[in-house]
Amino acid sequence: MPLGPDSTERLARARGDLRMGVPVVVGSLLVLAAETLGPGRLAGLRDLGGEPVLAITARRAETLKARAYDGDMARLRLPRDASPGWVRAVADPADDLDRPFLGPFETLRAGDSRAHRAAIHLAKSAHLLPAVVALELTDADRLAAEQGLTHLALPEAERVLTEEIALHEVASARVPLAVSRAGRVHVFRPADGSEEHYAVEIGSPPRGAPVLARLHSACFTGDLIGSLKCDCGAQLQAALAQMGSEGAGVLLYLNQEGRGIGLANKMRAYALQDQGFDTVEANHRLGFEDDERDFRIGAAILREMGFSAVRLMTNNPAKIEMMRANGIDVTERVPLRVGQTCENARYLATKAAKSGHLL
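All values derive from a computational prediction rather than experimental measurement. (Residues numbered from 1 in each chain as written. Predicted model: local features only at pLDDT ≥ 70, side-chain atom pairs only at ≥ 80, totals over all residues. Heavy atoms only, no water.)

Some words on the sheet that holds strand E11 (residues 249-254)
Sheet strands pair by backbone hydrogen bonding; their relative direction is either parallel or antiparallel.
Moving on, step 1. An order of E7-E8-E9-E11-E10-E12-E13 is seen for the 7 strands of this open sheet, with the pairing classed as mixed. Two strands in the sheet have a free side with no partner beyond their single neighbour: strand E7 (167-174) and strand E13 (329-334). Averaged over all neighbouring strand pairs, the angle between strand axes comes to 25°, with direction disregarded.
Moving on, step 2. Here strand E8 (residues 183-190) runs beside strand E9 (residues 197-202); their pairing, made up of 6 bridges, is antiparallel. Across the sheet, the residue bridging to Val-185 is Val-200, located in E9. (Pairing = 2+ DSSP bridges. Helix = DSSP H or I, 4+ residues; strand = E, 2+ residues; numbered from the N terminus. Axes fitted to C-alpha atoms, helices over the stretch in contact; angles between N-to-C directions.)

Here we look at the environment of Ala-166
Moving on, step 1. By secondary structure assignment, the location of Ala-166 is in the loop between helix H7 (154-162) and E7.
Moving on, step 2. As a C-alpha pair, Ala-166 and Arg-285 span 119 residues in sequence and 32 Å in three-dimensional space.
Moving on, step 3. Setting aside residues up to four positions removed in sequence, Ala-166 forms contacts with Arg-189, Pro-190 and Ala-191. (Contact = heavy atoms within 4.5 Å.)

Some thoughts on the domain arrangement of the chain
Moving on, step 1. Domain assignment breaks the chain into domain 1 (7-159) and domain 2 (167-256 + 293-355).
Moving on, step 2. Each of domain 1 and domain 2 has a C-alpha centre, and these two points are 35 Å apart. (Domains from an automatic or database assignment.)

Observations regarding the environment of His-127
Moving on, step 1. The topology assignment puts His-127 in the loop between helix H5 (114-125) and strand E5 (131-136).
Moving on, step 2. Those residues in contact with His-127 that lie beyond four places of it in its chain are Arg-19, Glu-195, Gly-260, Ile-261, Gly-262 and Asn-265.

Some details on the pairing of strand E4 (residues 73-77)
Moving on, step 1. With 4 of 5 residues buried, E4 is to be regarded as a mostly interior element.
Moving on, step 2. As paired elements, strand E3 (residues 53-57) and E4 share 5 bridges and run antiparallel to each other. Within E4, the residue paired with Val-53 across the bridge is Arg-77. (Buried < 20%, exposed > 50% of the residue type's maximum accessible area, 1.4 Å probe, protein only.)

Thoughts on the state of the cysteines
Moving on, step 1. As enumerated under the stated definition, the model contains 0 disulfides in all.
Moving on, step 2. Here Cys-219 stays free of any disulfide, with the sulfur of Cys-230 as its closest cysteine sulfur at 3.7 Å.
Moving on, step 3. For Cys-219, a relative accessible area of 3% corresponds to the buried category.
Moving on, step 4. In this structure Cys-230 is not part of a disulfide, and its nearest cysteine sulfur, from Cys-232, lies 3.5 Å away.
Moving on, step 5. In this structure Cys-230 comes out as buried when scored by relative accessible area, which is 6%. (Disulfide = S-S within 2.5 Å.)

Topic: the UniProt feature "domain: GTP cyclohydrolase II" (unreviewed entry) in the chain
Moving on, step 1. Per the UniProt record, "domain: GTP cyclohydrolase II" (unreviewed entry) is found at residues 171-335.
Moving on, step 2. Structurally, residues 171-335 comprises 38% helix and 25% strand, and the distance from its first C-alpha atom to its last is 31 Å. (UniProt positions renumbered as here; feature names shortened; annotations may be inferred.)

What about the UniProt feature "active site" (unreviewed entry) in the chain?
Moving on, step 1. UniProt marks Asp-291 and Arg-293 with the feature "active site" (unreviewed entry), using the numbering shown here.
Moving on, step 2. As for its placement among the helices and strands, Asp-291 is situated in the loop between helix H12 (279-286) and helix H13 (296-304).
Moving on, step 3. Only 3.0 Å separates the side chain of Arg-293 from the side chain of Ser-217, close enough to count as a polar contact. (Polar contact = N/O pair within 3.5 Å; in protein donor to acceptor, adjacent residues only side chain to side chain.)

Section: unusual backbone geometry
Moving on, step 1. Here Lys-65, not a glycine, exhibits a phi torsion of approximately 60°, which is positive.
Moving on, step 2. Taking the relative accessible area as the measure of exposure, Lys-65 reaches 72% and is therefore exposed.
Moving on, step 3. Even without being a glycine, His-127 presents a positive backbone phi close to 65°.

Given below as structure tokens:
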């Protein structure tokens, strides 16, 4: 029986490597995350020869006034005198308003960009800024073996990054709650080594009938420390209270902080909001889409628990569409309009105007 890592396990290693500033090889590309790039490894990359590029998303390219010839991304030629600080300034919009003239940029338009695209998705999945420094290699296999680098073949990188991740329940226990003494918490672990997700089951809802359900994305600021910038904490408590009142329900607590961009990037988005950008504009300036969450995770957990139909507590029509697209019948939308404050009025208005939330 082979003991080495499979594709999913190599992907988990690659995420960890990028977060620590260690290069990985994707196809024939040597890849470093822009956010964790250090001077030593940038010098080492240059010593290999060739022409390194900085790959960024089209959202970030639009902010920088750089042409995205590759459609959803752009490959910027790395200037010979570019430092890690310059790379981070291109990737991170924190100081855009103070340094509006980082360009002009020379954008590549020839050659295959598939590996660059996979590398950006890899950085996203590691909750890093979606920007990577990449160098095309002629001997990627040899370099990866000599330097002990994680090597993802391009087809497996593309496949693993788009396929639904398998989850399995690793533990559950009775947890009496303030809203119901008949509470039970289930812990689900993804096969790719990423964050665990939780299901809070109230009572004993029958598996053959639509269950009152809420897909709740983790919000450290709103759920835990009472931030007034969003309505998440109020929605969490209201959903649990209604389930307790009805005597049955399932709340899925999904570790997809900041609409899937991670807490660090969420704080970057908050800082941009303080500069005057709304929540969608902030995400775009960082290089992300409006919403990077994977709602397939919620559908997979519901199926694992034996549910095929839900009464979904949400103001977001996209959640309904995603549930139905992934085999979960939504028989009713249950509105959840709570938590409005003067501090989050603009945030909620943006969700309604730009993301279609029914508020």
